[in-house]
Amino acid sequence: MNRSTLAGALKSPLERAMEQPQVSAVVPIYNEVESVPLLVERIANVLQQNSFSYEIICVDDGSTDGTTELLRQLAQSRSDLKAVVLRRNYGQTAAMAAGFNHAQGQVIITLDGDLQNDPADIPRLMAKLDEGYDLVSGWRKERQDAMVTRLIPSRIANWLIRKVTEVKIHDYGCSLKAYRSELVRDMNLYGELHRFLPALAFIEGARIGEMPVQHHARQFGKSKYGLGRTFRVLMDLATIFFMKKFLTRPMHVFGLFGLFAMLLGIGLGGYLTVLKLGFGAAIGDRPLLILAVVLFLTGIQLFSFGLLAELAMRTYHESQNRPIYRVREVVSSKAE
Ligand code: UDP
Ligand code: MG
């Protein structure tokens, strides 16, 4: 436990609630020097006008265009802004994770640092959360990005993600989202998994909502992504698929397929053995022999893989004291 969490633990719940802002706006920023001052100003205005207590957390993801210095100055002069400066460029997901770790608000709002998302949508997202959701995702209904490199791949990716994750929202890539902070603490981010946060949240049992939001064309700087991202997203999708299906019971899947393949291999092998020994048939050049051998070996591999996956999953849960369930609330008439 480091010093700040120790201090946090020593405070009474009331004290902590008093200093906990209602909203933490988390913004990953990589070389967006022209946008940053405007962005911070707009977020602050919207939140003040709607009388939310808030903090803005700008995560500088290894910028090289002067964003770092600018953020440093801004954060020194404004009490509502915290700048988290990463040592190098880690990518948007890691930058968001850093922001989450420094956010103290009851609700965490993420948005892009390039002004493509509109802070004016934040109060509506908050209202929607209050309807009983744990996560509300923005939907860029009229998205202002390049057609071929962005919109088309994104449409295909969204369709695939929807099929695989069964989280029925339209636009996974939209950064503008609102989360209850407990939810964010339960999720671990790797790779480019930030777009799968709704799916990860769903795995953690969250209620997920969606709401159309505004989207503007980029005014300054340029996009950090191109077509290459699609492939990384696909790989991450495979991970999510695995996590969702097998996180707590890999043996059910791998073991079952393994056993099935093994039994089939043994059956075919037995049949060939009978032919050979009982009837003296030549089996050396039969494709069936190859099939029997392949099935048997594949079966053993899948089965052992299932066992290893079981071990890995146990380590995953136990090493971080991750329960295999999530409690929404505990109702009891006794005082705690
Ligand atoms: N970003 C980041 N680290 C990176 C790449 C991007 O923090 O390595 C930030 C970027 O500054 C922006 C957000 O992530 O605030 C989204 O990036 P971008 O606007 O380039 O993506 P697009 O909107 O084109 O999908
Ligand atoms: Mg953008």
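A short tour of the structure in this document, coming up. (Residues numbered from 1 in each chain as written. Chains lettered and ligands numbered in written order. Predicted model: local features only at pLDDT ≥ 70, side-chain atom pairs only at ≥ 80, totals over all residues. Heavy atoms only, no water.)

## So, the overall build of the protein
For the record, the criterion: Only DSSP runs of H or I covering at least 4 residues are called helices, and only runs of E covering at least 2 are called strands; the numbering of each starts at the N terminus. Radius of gyration here is computed from C-alpha atoms only, and the compact-globule reference equals 2.2 Å multiplied by the residue count raised to the power 0.38. Accessible area is worked out with a 1.4 Å probe on protein chains only. A residue is then buried under 20% of its type maximum, exposed over 50%, and partly exposed in between.
For the protein, the helix and strand inventory stands at twelve helices and seven strands. Taken over the C-alpha trace, the protein has a radius of gyration of 26 Å; the compact-globule value for 336 residues is 20 Å, which it surpasses by more than 25%. Oriented by its inertia axes, the alpha-carbon framework of the protein measures out at about 90 × 60 × 35 Å. For the protein, the residues scored as buried account for 44% of the 336 residues in total.

## Description of a nonpolar patch on the surface
Operational definition: Residues forming no salt bridge and having over 30% relative accessible area are the ones grouped into patches, like charges within 9 Å of each other and nonpolar side chains (Val, Leu, Ile, Met, Phe, Trp, Tyr) within 5 Å. All accessibility values rest on the Shrake-Rupley procedure with a 1.4 Å probe; residue burial counts only the protein chains present in the view. Salt bridge, as used here: a side-chain nitrogen of Lys or Arg that lies within 4 Å of a carboxyl oxygen of Asp or Glu.
On the surface, Leu259, Leu263, Ile266, Val293, Phe296, Leu297 and Ile300 cluster together into a nonpolar patch covering about 610 Å² of accessible area. When contributions to the nonpolar patch are tallied by element, the ones reaching two or more residues are α11 (250-279) and α12 (287-319). When residues in the nonpolar patch are grouped by element, the largest group, four residues, is from α12. Look at Ile300 and you get partly exposed, because its relative accessible area is 36%.

## Some thoughts on the pairing of strand β1 (residues 23-29)
The condition is simple: Paired strands, as defined in this entry, are two strands with at least two bridges between them according to DSSP.
Extensive coverage of β1 is indicated by the burial of seven of its seven residues. In this structure, β1 lies alongside strand β2 (residues 54-60), joined through seven bridges in parallel fashion. Across the sheet, Ser24 pairs through a bridge with Glu55, a residue of β2.

## Topic: the packing of aromatic side chains
Threshold: Working definition: rings of Phe, Tyr and Trp (its six-membered ring) pair if their centres are within 6.5 Å, and the pair is stacked with planes under 30 degrees apart, edge-to-face with planes over 60 apart, and tilted otherwise. We call a charge positioned over a ring when the NZ of a Lys or the CZ of an Arg lies within 6 Å of the ring centre and within 35 degrees of the ring normal.
Taken as a whole, this structure holds three aromatic pairs when the rule is applied. Relative to Tyr179, the ring of Phe100 lies with its centre 5.7 Å away and its plane at 70°, an arrangement referred to as edge-to-face. One end of the pair, Phe100, is in helix α5 (residues 92-102); the other, Tyr179, is in strand β6 (residues 177-180), and 79 residues separate them in sequence. Each member of the pair, Phe100 together with Tyr179, is buried. Ring centres of Phe254 and Phe305 lie 4.9 Å apart, and the angle between their planes is 75°; on these two criteria the pair is classed as edge-to-face. Remark: Phe305 occurs in helix α12 and Phe254 occurs in helix α11; sequence separation between them is 51 residues. Judged by its relative accessible area of 45%, Phe305 falls in the partly exposed class. The ring of Tyr90 is capped by Arg88, whose NZ or CZ atom sits 4.1 Å from the centre of that ring.

## Digging into the pairing of strand β3 (residues 81-85)
Applied cut-off: By convention, orient the strands away from the viewer: a clockwise path from the first strand over the helix to the second makes the crossover right-handed.
Relative to β3, β2 runs parallel, the two sharing five bridges. Within β3, the position partnered with Ile57 by the bridge is Lys82. As a crossover connection, the stretch from β2 through helix α4 (residues 67-77) into β3 is right-handed.

## Notes on the coordination of the magnesium ion (ligand 2)
Selection criterion: As a rule, N, O and S atoms within 2.8 Å of a metal are its donors, except that Na, K and Ca use 3.2 Å; water is not among the atoms, so sites may look incomplete.
Within the protein, the magnesium ion (ligand 2) binds to Asp114 (OD) and Gln116 (OE1); these donor distances fall in the range 1.9 Å. Each member of the pair, Asp114 as well as Gln116, is classed as buried.

## Considerations on the packing of α11 against α12
We count it as follows: Angles here are taken between N-to-C directions and fall from 0 to 180 degrees, while the axes themselves are lines fitted to C-alpha atoms, restricted in helices to the stretch in contact. If an angle is under 35 degrees, it is roughly parallel; if it is over 145, roughly antiparallel; if it lies from 65 to 115, roughly perpendicular; otherwise it is oblique. Working rule for handedness: look at the near helix, and if it is turned counterclockwise from the far one by less than a right angle, call the crossing left-handed; if clockwise, right-handed. When residue character is reported, Ala, Val, Leu, Ile, Met, Phe, Trp, Tyr, Cys and Pro are called nonpolar, Asp, Glu, Lys and Arg charged, and the others, Gly included, polar.
It is the contact of α11 with α12, at a shortest axis distance of 7 Å, that shows an interaxial angle of 160°. Overall, the two elements α11 and α12 adopt an arrangement that is roughly antiparallel. Remark: the crossing between α11 and α12 carries left-handed chirality. Its residues assigned to classes, the contact of α11 with α12 comprises 25 nonpolar, six polar and one charged.

## A closer look at the sheet that holds β6
Worth spelling out the cut-off: Should any heavy atoms of two residues lie within 4.5 Å, those residues are considered in contact.
A sheet is described by the order of its strands in space; here seven strands give the open sequence β3-β2-β1-β4-β6-β5-β7, paired in mixed fashion. In this open sheet, the two strands that pair with only one neighbour each are β3 and β7 (208-213). Shown here is a sheet whose adjacent strand axes are inclined to one another by a mean of 20°, direction ignored. Relative to β2, helix α3 (residues 35-49) is tilted by about 160°, and along the sheet it contacts β1, β2 and β3.

## Overview of the packing of helix α7 (residues 147-165) against helix α10 (residues 229-246)
Between α7 and α10, the shortest axis-to-axis distance is 10 Å and the interhelical angle comes to 5°. The angle between α7 and α10 falls in the class roughly parallel. Here α7 contributes Arg150, Pro153, Leu160, Ile161, Val164 and Thr165 to the contact with α10, which in turn contributes Arg229, Thr230, Val233, Leu234, Leu237, Ile240, Phe241 and Lys244. Grouping the amino acids of the contact of α7 with α10 by side-chain chemistry returns nine nonpolar, two polar and three charged.

## Some words on unusual backbone geometry
Unusually for a residue other than glycine, Asn31 sits at a positive phi of about 55°. Residue placement: Asn31 occurs in the loop between β1 and α3. Phi is positive for Ser51, close to 45°, though the residue is something other than glycine. Relative to the elements of secondary structure, Ser51 occurs in the loop between α3 and β2. What makes Ser51 exposed here is its relative accessible area of 60%.

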